[in-house]
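# Survey of secondary and tertiary structure
Next come the chains, spelled out residue by residue.
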Amino acid sequence: MLLQKGKVSKLDGLPWAAIDLVSESRIEEIIVHISRWANSNVAGTFQLLFPVESRDLDGIQLFSPYLLVRSENLKKLTSIQTIYGVSGLVKGVDGAILEIEDEFVQTIIANAKLAAMSWSHKIERGSFVRILFGPERMLCGTVSGISAAYATVSINLRLRQVNVRVPIRALLNLGNVPEDKRHYFYSKVIL
Amino acid sequence: MEDFQLKGSAFEINSNKRSVELFNGNPELSLHGDKRVSIESDPLYDESDAFFKLAIDEPIKFLELVGYLPHLIQDIFFQYYLLGRTQIQIAKLLGCSQTSIWQDLRLGKEAIGAIVAFGDSPEPLKHAAYNAMLAFKTKARQRLPITIKEPKNLGQFELSVDDKTFELNFSPATTDGPVRSDYAT
């Protein structure tokens, strides 16, 4: 995912910096903190790359061990280390912020975009899916209706049925799950 | 004392039980009245790791035991222990408050404890939590189907941080989420 603020064309070709995290656990929470910080403290344009390779109930795999960030002036991002969960920007042996070439990062972005599209590949009416984002995240259900960009997922809780209308890209296709395991709480541990 | 414990709602039964435990543990402190004693903050009552271990190590057993519980509490257990959803997320889906989710988790855990210890028909007088589970009722409106529409930027690759709804794309930061020790990761 690419979180951004301002006119991003101003950043074309500019280098990125790598954010060193204290821990990868609760990484999504840290990203929200960084985004809120940037909204309040970074004047001008800002981009934060969360390079997700895959995501499911057992966690998120990244293309890069670091989050990548840039703005019009990397030096103005040094106070990022005050954010909960962030160690700081990765520095070189000379103590200066390590700059990562934009061309390299654009490759990661392209791979991350392809990965994001692959999760919902071949989803159709009747597909068994998991909702990956939002308040209904991790629940599994069957696609009961589909349009160009949206799907309606029917989730059969023990108590009630829940129909969730959600962008197709927010779904993970679980087509390989056997029919008898297609519960709303499906997880690999109960397979 | 047993009749006192068995009467009332699950919340009342648990509250009374807790009061008796506190008094028996330290009569002077429990009657002093200048400090709240929260069961949520008492580490002696944190059985979260044990249930996570059960869900991961013995999922069939976990499903079997949870199957004894009322449907609403089953839904709470499945979402909390198998899917890692937070109590607030579960509450919104089931049409109740986060507090009642917490209480129902406790009720379910105690009922499962009684079943594990004494079989699936524990002697009624001895197991207030099991009785409370048998008497558990849901509201009719909680069984009605519901439709939810998610924000259109959900799962979008490029998100603007100016739009507050971007935060819905990320796991919520909440202390009410399930406690996952290193064992579970």
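Residues numbered from 1 in each chain as written. Chains lettered and ligands numbered in written order. Predicted model: local features only at pLDDT ≥ 70, side-chain atom pairs only at ≥ 80, totals over all residues. Heavy atoms only, no water.

Enumeration according to the criterion identifies 10 salt bridges over all chains in this entry. Residue Arg-36 of chain A pairs with Glu-167 of chain B through a salt bridge whose shortest N-O separation is 2.7 Å. Of this pair, Arg-36 of chain A sits in helix H1 (residues 27-41) while Glu-167 of chain B sits in the segment after strand E2 (158-160), each in a different chain. Glu-158 of chain B is paired through a salt bridge with Lys-113 of chain A; the nearest N and O atoms lie 3.8 Å apart. Of this pair, Glu-158 of chain B sits in strand E2 while Lys-113 of chain A sits in helix H2 (residues 102-118), on two different chains. Under the relative-accessibility criterion, Lys-113 of chain A is labelled partly exposed at 37%. When salt bridges that share partners are traced, they join Glu-28, Arg-55 and Arg-137 of chain A into one network. (Salt bridge = Lys/Arg side-chain N within 4 Å of Asp/Glu carboxyl O. Helix = DSSP H or I, 4+ residues; strand = E, 2+ residues; numbered from the N terminus. Buried < 20%, exposed > 50% of the residue type's maximum accessible area, 1.4 Å probe, protein only.)

Attention now goes to the nonpolar core. Among the nonpolar cores identified, the biggest contains 108 residues, and Ile-19 and Ile-34 of chain A together with Phe-77 of chain B are the most heavily contacted of them. Sorting elements by how many residues they give to this core places helix H6 (residues 71-82) of chain B first, with eight residues. Every residue in contact with Ile-19 of chain A, bar those within four places of it in the chain, is listed here: Ile-34, Leu-48, Tyr-66, Leu-67, Val-69, Ile-80, Val-86, Gly-88 and Leu-89 of chain A. (Core = buried A, V, L, I, M, F, W, Y, C linked by side-chain atoms within 4.5 Å. Contact = heavy atoms within 4.5 Å.)

Within a beta sheet, neighbouring strands are joined by backbone hydrogen bonds and run either parallel or antiparallel to one another. Reading across the sheet, the six strands line up as E12(A)-E8(A)-E9(A)-E10(A)-E11(A)-E1(B) and stay open at both edges, with mixed pairing between neighbours. The open sheet is flanked by strand E12 (171-173) of chain A together with strand E1 (146-149) of chain B, the only strands paired with a single partner. With direction set aside, neighbouring strand axes in the sheet form an average angle of 40°. Where strand E8 (residues 128-131) of chain A and strand E9 (residues 140-146) of chain A come together, three bridges link them in antiparallel fashion. (Pairing = 2+ DSSP bridges. Axes fitted to C-alpha atoms, helices over the stretch in contact; angles between N-to-C directions.)

Across all of its chains, the model carries 12 aromatic pairs over all chains by this definition. Measuring from centroid to centroid gives 6.2 Å for Phe-50 of chain A and Phe-170 of chain B, while their planes differ by 40°, and the two rings are tilted. With Phe-50 of chain A in the loop between strand E3 (46-49) and strand E4 (52-56) and Phe-170 of chain B in the segment after E2, the pair connects residues from two separate chains. Each member of the pair Phe-50 of chain A and Phe-170 of chain B is classed as buried. Ring centres of Phe-166 of chain B and Phe-170 of chain B lie 6.2 Å apart, and the angle between their planes is 75°; this geometry places the pair in the edge-to-face category. Taken individually, Phe-166 of chain B and Phe-170 of chain B each receive the classification buried, so the pair is uniform in this respect. The structure contains a cluster of three or more aromatic residues connected by ring pairs, namely Phe-51, Phe-52, Phe-62, Phe-77, Tyr-80 and Tyr-81 of chain B. Here the basic side chain of Arg-165 of chain A rests over the ring of Tyr-150 of chain A, its NZ or CZ set 4.2 Å away from the ring centre. (Phe/Tyr/Trp six-rings, centres within 6.5 Å; stacked < 30°, edge-to-face > 60°. Lys NZ or Arg CZ within 6 Å of the ring centre and 35° of its normal.)

The partner chain A presents 48 residues to the 47 residues of chain B that form the contact. Taken over both partners, the interface formed by chain B and chain A buries close to 4500 Å², and the fraction arising from carbon and sulfur atoms is 60%. If you sort the residues of chain B by the area they bury against chain A, Leu-83, Phe-157 and Phe-170 of chain B come out on top, with a joint share of 17%. For the pair chain B and chain A, the interface holds two salt bridges. Linking chain B with chain A are 28 residue pairs in polar contact (both at pLDDT 80 or more), by the criterion used here. Those elements giving two or more residues to the side of chain B that touches chain A turn out to be helix H5 (59-66), H6, helix H7 (87-94), E1 and E2 of chain B. By residue number, the principal contributor to the side of chain B that touches chain A is H6 of chain B, which donates seven residues. Split by residue class, the side of chain B that touches chain A holds 22 nonpolar, 15 polar and 10 charged. The pairing of strand E11 (residues 161-167) of chain A with E1 of chain B spans four bridges and is parallel. Within E1 of chain B, the position partnered with Val-162 of chain A by the bridge is Ile-146 of chain B. (Buried area = accessible area lost by both parts, 1.4 Å probe. Polar contact = N/O pair within 3.5 Å; in protein donor to acceptor, adjacent residues only side chain to side chain. Nonpolar A, V, L, I, M, F, W, Y, C, P; charged D, E, K, R; others polar.)

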